[in-house]
Amino acid sequence: MAGRKTIESRFSQNGCAPYDQVAPGDVVVLKRSGDEIVGVAHVSCVQHFTRQTDWHDIRLRYQHELCATDDSFWSDVKESDYVSLMWFDRIRPLPSIDCDKRDRRGWVVINHATEQLSLFSE
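As the structure is a prediction and not an experimental result, all values here were calculated from the model.

A.B. asks: What exactly am I supposed to notice about the overall build of the protein here?
C.D. replies: When you go through the protein residue by residue, the secondary structure sums to two helices and four strands. Secondary structure elements in the protein, listed N-terminal to C-terminal, are β-β-β-α-α-β. Among the 122 residues that make up the protein, the fraction classed as buried is 34%. A fraction of 75% describes how many contacts in the protein between residues 6 or more apart in sequence connect residues 24 or more apart. In the structure as shown, the protein presents an accessible area of about 8200 Å², 48% of it carried by carbon and sulfur atoms.

A.B. asks: Would you mind going over the packing of aromatic side chains with me for this structure?
C.D. replies: The relative placement of two aromatic rings is captured by the distance of their centres and the angle of their planes. Enumeration over the complete set of coordinates arrives at six aromatic pairs. Relative to Trp74, the ring of Phe11 has its centre 5.8 Å away and its plane inclined at 85 degrees; by these criteria the two rings are edge-to-face. Taken together, the residues span a long stretch of sequence, with Phe11 in strand 1 (residues 7-12) and Trp74 in helix 2 (residues 71-77) at a distance of 63 residues. The exposure class assigned to Phe11 is buried, which follows from its relative accessible area of 16%. On the basis of relative accessibility, which here comes to 8%, the residue Trp74 falls in the buried class. An angle of 75 degrees between the planes, with centres 5.8 Å apart, marks the rings of Tyr62 and Trp87 as edge-to-face. In this pair, Tyr62 sits in helix 1 (residues 55-62) while Trp87 sits in strand 4 (residues 82-97), placing the two residues 25 residues apart along the sequence. Accessibility classification places Tyr62 together with Trp87 in one group, the buried group. Connected via pairs of aromatic rings, a cluster forms that spans Phe11, Trp55, Phe73 and Trp74.

A.B. asks: I tried to follow the confidence of the model for the protein on my own but got confused; where do I start?
C.D. replies: Segments scoring low in pLDDT should not have their predicted coordinates read at a detailed level. Mean pLDDT over the protein works out to 84, with 82% of the residues at or above the 70 mark. The weakest mean pLDDT in the protein belongs to strand 2 (residues 27-31) at 86; the strongest belongs to helix 2 at 94.

What counts, and at which threshold
- Residues numbered from 1 in each chain as written.
- Predicted model: local features only at pLDDT ≥ 70, side-chain atom pairs only at ≥ 80, totals over all residues.
- Heavy atoms only, no water.
- Helix = DSSP H or I, 4+ residues; strand = E, 2+ residues; numbered from the N terminus.
- Buried < 20%, exposed > 50% of the residue type's maximum accessible area, 1.4 Å probe, protein only.
- Contact = heavy atoms within 4.5 Å.
- Areas by Shrake-Rupley, 256 points an atom, 1.4 Å probe, with all protein chains shown as cover.
- Phe/Tyr/Trp six-rings, centres within 6.5 Å; stacked < 30°, edge-to-face > 60°.
- pLDDT = per-residue confidence, 0-100.

Right under this line is the structure:
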């Protein structure tokens, strides 16, 4: 929300959400890991890749926008088989909201795009 990171990414080994489940127009609730909900964002663009794409190519193209220029990040995701890259065109901070989600999933799909209400006026 500070404006430094312009692309959000999720790498996984099994193709779980958000892979192939987030699309332009979706609204994403932003939650700190193990903590509170702190904002919402509108997805403007998404690209999904599989291992057929070389992660090195993704690194060269997007590392600065991902704020992932250090080798440790790329070492952590090197065994992943799926990646979703998401661009947000509108991000709104929220007062901190408690969230009881305690499972290990990084992403949870609440409603698919066709079932969502617009949170932002066009």
